[in-house]
Amino acid sequence: MMTSKLTQEDVAWLESQLSDAIDPISPRSEFVTRARAELMNLPAQPALPAWVNSAALAAVALSLVALVVAIFFFYQHGRETR
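Values in this document were obtained by computation on a predicted structure and should not be read as measured data.

A. Quick look at the overall build of the protein chain. Looking only at helices and strands, the protein chain has 3 helices and 0 strands in total. Ordered by position in the sequence, the α and β elements of the protein chain form the string α-α-α. For the protein chain, the computed accessible surface area is about 8300 Å², with 67% contributed by carbon and sulfur atoms.

B. The packing of aromatic side chains, seen in detail. On inspection of all chains with the given rule, the structure shows 1 aromatic pair. A ring pair is formed by F73 and F74, whose centres lie 5.4 Å apart and whose planes are at 70 degrees; its orientation type is edge-to-face. A relative accessible area of 58% places F74 in the exposed class.

C. View of a nonpolar patch on the surface. A surface patch of nonpolar side chains, about 400 Å² in accessible area, is lined by L6, V11, W13 and L14. Note that V11 resides in helix 1 (residues 8-21). The exposure class of V11 is partly exposed, given its relative accessible area of 31%.

D. Spatial organisation of helix 1. Compared with the 20 Å implied by 1.5 Å per residue over 14 residues, the 20 Å span of helix 1 between its first and last C-alpha is a close match. Burial analysis of helix 1 places just 0 of its 14 residues in the buried class, which makes it a mostly uncovered element.

E. Region of the structure containing the pattern of salt bridges. In total, this model carries 2 salt bridges according to the counting rule given. E30 serves as the salt-bridge partner of R28, at 3.2 Å between the closest nitrogen and oxygen. Two residues, E38 and R34, come together in a salt bridge whose shortest N-O distance is 3.9 Å. Of the two residues, E38 and R34 are both situated in helix 2 (residues 29-41); the distance of 4 residues between them amounts to about one turn of the helix.

F. Here's a closer look at the confidence of the model for the protein chain. Residues with a pLDDT of 70 or more make up 87% of the protein chain, whose mean pLDDT is 85. Averaged pLDDT values over the elements of the protein chain bottom out at 82 in helix 1 and peak at 93 in helix 3 (residues 50-80).

G. Looking closely at the environment of L6. Residue placement: L6 occurs in the segment before helix 1. Those residues in contact with L6, other than ones at most four positions away along the chain, are V11 and L14.

What counts and what doesn't
Residues numbered from 1 in each chain as written. Predicted model: local features only at pLDDT ≥ 70, side-chain atom pairs only at ≥ 80, totals over all residues. Heavy atoms only, no water. Helix = DSSP H or I, 4+ residues; strand = E, 2+ residues; numbered from the N terminus. Areas by Shrake-Rupley, 256 points an atom, 1.4 Å probe, with all protein chains shown as cover. Phe/Tyr/Trp six-rings, centres within 6.5 Å; stacked < 30°, edge-to-face > 60°. Buried < 20%, exposed > 50% of the residue type's maximum accessible area, 1.4 Å probe, protein only. Patch = residues over 30% accessible without salt bridge, like charges linked within 9 Å, V, L, I, M, F, W, Y side chains within 5 Å. Salt bridge = Lys/Arg side-chain N within 4 Å of Asp/Glu carboxyl O. Expected span 1.5 Å × (residues − 1). pLDDT = per-residue confidence, 0-100. Contact = heavy atoms within 4.5 Å.

Here it is, written out as C-alpha cells:
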C-alpha cells in the first residue's frame, strides 16, 4: 500500500487556505456609521414611573407567597389521606 506524503509547500498552502476561511467578517464602515447615526437620533426612552417597580415587586412577592401556601396545602392534604 502506498501512502502519499504532504510536502512543506502543501502544508503551507493548506494552512493559508484554512486561515483565509476563518477570518472574521466585519461590516462595512458605511453601515456602521449609518447605524450609529440612526441610533443616536432616536428619542430617549423615559424612565418608568416608581409605581411600576413597586407593582412588579409586589407581584413577585405575592406569587412567592401563593407558591409557599400551595406547597403547604398540598403537603398537608397529602398527609391527611394516608
